[in-house]
Structures are given as structure tokens and as C-alpha cells.
Amino acid sequence: MKRLAIILIMLCAVVWATGAEAHGPKLKNKETASLASNRGPFELITHTGETVTDRDYLGKYMLVYFGYTNCPDVCPIDLQIVSEAVDMLGKDGARVQPLFVTVDPERDTVKVMADYVKHFHPRLIGLTGSKEQIASAANIYRMQSRKYFPADSEKKSDYLVEHSAAMVLIGPDGGGLSLFPHGITANDVVTDIKRFINPR
Ligand code: NI
């Protein structure tokens, strides 16, 4: 088990170091022209078991993060940043809906998502769905993921998922506005969101 823990930490360090660059979209932050085409439709299931589509979030800003609950530490760190950013936005935070979409629907059931999201922001919505629903949503935002088995995994359920680590900001019309890579601070996220919410 100890060896597994070490391997997990090493793998995480790889994801950490490479962030969205190696595993994710070739998009850079503020490439708004191409990001704007990243829009629904998607249909997913919330951590309270409701079916939602992209249309349910029209009129709001969405801060979307794709990851999985068994992620050793990249996802928790990024979801913490998402949560801090929403809080730091103060009143404007109410206009931003934080969403956590699993890239591991096999293990991340509605119940698992419900248990997980409560560790973060009270307004964070966890989204899961069928394999196809998740693949289709990930495709919209060009988020990639790949399941793999560490050398000493003992069971079929002992796998990790390498995934794009980036937050996507979606505007009220459903089009992408910004892509925040792993490693960004909550402060930078807030500054960027504010320039859309309160344009000068
Ligand atoms: Ni992760």
C-alpha cells in the first residue's frame, strides 16, 4: 500500500507539473475567439440526482472543472481554488455557478459526488452521467482524460485517471470566456471573472 501511495504522489506530481498543457486543450487563457465556440448542448446528472442541461445555466456564469473524486490531490487543490474564488467574488459570486464534472462516471455515482462536493463550496454542483454524457460534455470543453492502471494495482477498480486540469469560465450566453490552467491563484480567477461581470 505504501508503494501505491508513493506512485500516486509521483503521478500527481507529473499532472501538477504539466497541468493543462500536456494533457489538455491546446487553448491558452483568453483565446476568446476559439473558446467562444466551446458551448453546449450537454445533459448531465447533479449530485442530488436531477437531470440538467446547459440551458439550465444560461444567464449565469459557469466555472466548470473536470476531474474525479479519487484524484489524489490535483482536483482537491483546484476545487479549493474554485471555492475560494466564488467566495472572494462576494456579491458577484452569486452570478457564478461552480460545477465539478467527473471524468470517472464509473466510480463517481450521484452518491459519491454528493459526499465529495460537500468538502468544497456549498454552491458547488457535482455532475455525473452516463459514459456517453460525460464524453460529450468533456468534448465540448476539449477536456481530455485517460484511465490507466498503476503497475501494482490489484483490482479492476484500482485505476487512476489522467485528465486535463483547467477551469473553464462560461458566459451567460453559454460560450466559453476563459480557461484557467492548474496553478492559477484564486485572485487571478477573480480578477478575470470581474472583467466580464463588471466591464469598465
Ligand atoms: Ni484530478
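The following refers to the structure shown. (Residues numbered from 1 in each chain as written. Predicted model: local features only at pLDDT ≥ 70, side-chain atom pairs only at ≥ 80, totals over all residues. Heavy atoms only, no water.)

What follows covers the overall build of the protein chain. On a plain count of helices and strands, the protein chain comes out with 6 helices and 9 strands. Going through the 200 residues of the protein chain one by one, you find that 50% of them count as buried. Counted over contacts in the protein chain with a minimum sequence separation of 6, partners at least 24 positions apart contribute 72%. Of the roughly 9800 Å² that the protein chain leaves accessible, carbon and sulfur atoms contribute 56%. (Helix = DSSP H or I, 4+ residues; strand = E, 2+ residues; numbered from the N terminus. Buried < 20%, exposed > 50% of the residue type's maximum accessible area, 1.4 Å probe, protein only. Contact = heavy atoms within 4.5 Å. Areas by Shrake-Rupley, 256 points an atom, 1.4 Å probe, with all protein chains shown as cover.)

This part is about the pattern of salt bridges. This model, assessed by the stated rule, comprises 7 salt bridges. Arg107 is the salt-bridge partner of Asp104, the closest N and O atoms lying 2.7 Å from each other. Asp104 gets classed as buried once you look at its relative accessible area, which sits at 3%. (Salt bridge = Lys/Arg side-chain N within 4 Å of Asp/Glu carboxyl O.)

Bringing the environment of Pro41 into the picture now. Tracing the backbone shows Pro41 in the loop between helix H2 (32–35) and strand S1 (43–46). Separated by 99 residues in sequence, Pro41 and Ile140 have C-alpha atoms that sit 8.1 Å apart. In this view, Pro41 contacts Asp54, Ser136 and Ile140; residues no more than four positions away in its chain are not counted.

Our focus in this paragraph is the pairing of strand S5 (residues 125–128). Of the two faces of S5, the one carrying Ile125 and Leu127 and the one carrying Gly126 and Thr128 are both buried. In this sheet, S5 lies alongside S1 in antiparallel orientation, the contact comprising 2 bridges. Bridge pairing links Ile45 to Thr128 in S5. Handedness of the strand S4 (residues 96–102)-helix H4 (residues 110–117)-S5 crossover: right-handed. (Pairing = 2+ DSSP bridges. Right-handed = clockwise from strand over helix to strand, strands pointing away.)

Let us look at the packing of helix H3 (residues 74–88) against helix H6 (residues 186–197). Following both chains from N to C, one finds H3 and H6 inclined at 50 degrees, their axes separated by 8 Å at the closest point. In terms of orientation, H3 and H6 fall into the oblique class. At the point where H3 passes H6, the crossing takes the right-handed sense. On the side of H3, the interface is formed by Ile81, Glu84, Ala85 and Met88, while H6 contributes Ala186, Asn187, Val189 and Val190. (Axes fitted to C-alpha atoms, helices over the stretch in contact; angles between N-to-C directions. Parallel < 35°, antiparallel > 145°, perpendicular 65-115°, else oblique. Left-handed = near helix turned anticlockwise from the far one by under 90°.)

Going residue by residue along strand S7 (residues 160–163), you find Leu160 and Glu162 tucked away on one face and Val161 and His163 tucked away on the opposite face as well. Here 4 bridges tie strand S6 (residues 145–148) to S7, and the two strands are oriented antiparallel to one another. Bridging across to S7, Tyr148 finds its partner in Leu160.

What follows is about the nonpolar core. Among the nonpolar cores identified, the biggest contains 58 residues, and Leu63, Phe66, Tyr141, Met167 and Val189 are the most heavily contacted of them. Broken down by element, this core gets its largest block of residues, 7 residues, from H3. (Core = buried A, V, L, I, M, F, W, Y, C linked by side-chain atoms within 4.5 Å.)

On to the packing of aromatic side chains. Using the criterion set out here, one finds 5 aromatic pairs in the structure. For the ring pair Phe100 and Tyr116, a centre distance of 5.6 Å and an interplane angle of 35 degrees mean the geometry is tilted. Of this pair, Phe100 sits in strand S4 while Tyr116 sits in helix H4, and the two are 16 residues apart along the sequence. Of the two residues, Phe100 and Tyr116, neither departs from the other in class, the shared state being buried. Their ring planes at 65 degrees and their centres at 5.9 Å tell us that Phe149 and Tyr159 sit as a pair that is edge-to-face. A residue pair is termed long-range when its members are at least 10 positions apart, and Phe149 in the loop between S6 and S7 and Tyr159 in the loop between S6 and S7 qualify at 10 residues. (Phe/Tyr/Trp six-rings, centres within 6.5 Å; stacked < 30°, edge-to-face > 60°.)

Considering the arrangement of structural elements, one finds Asp192 in helix H6. Placed 15 residues apart in sequence, Asp192 and Leu177 show a C-alpha to C-alpha distance of 9.6 Å.

Attention now moves to the sheet that holds strand S8 (residues 166–170). Strand order in this open sheet of 7 strands is S2-S1-S5-S4-S3-S8-S9, and the pairing throughout is mixed. Each end of this open sheet is capped by a strand with a single partner; those strands are strand S2 (51–53) and strand S9 (176–181). In this sheet, neighbouring strand axes are inclined to one another by 35 degrees on average, regardless of whether the strands run parallel or antiparallel. Bridging between S4 and S5 involves 3 bridges; their strand directions are parallel. When the sheet's bridge partners are listed, Leu99 is paired in S5 with Ile125. Relative to S5, H4 is tilted by about 155 degrees, and along the sheet it contacts S1, S4 and S5. Where helix H5 (residues 131–140) meets the sheet, it contacts S1, strand S3 (61–67), S4 and S5, and its direction lies at approximately 115 degrees from that of S1.

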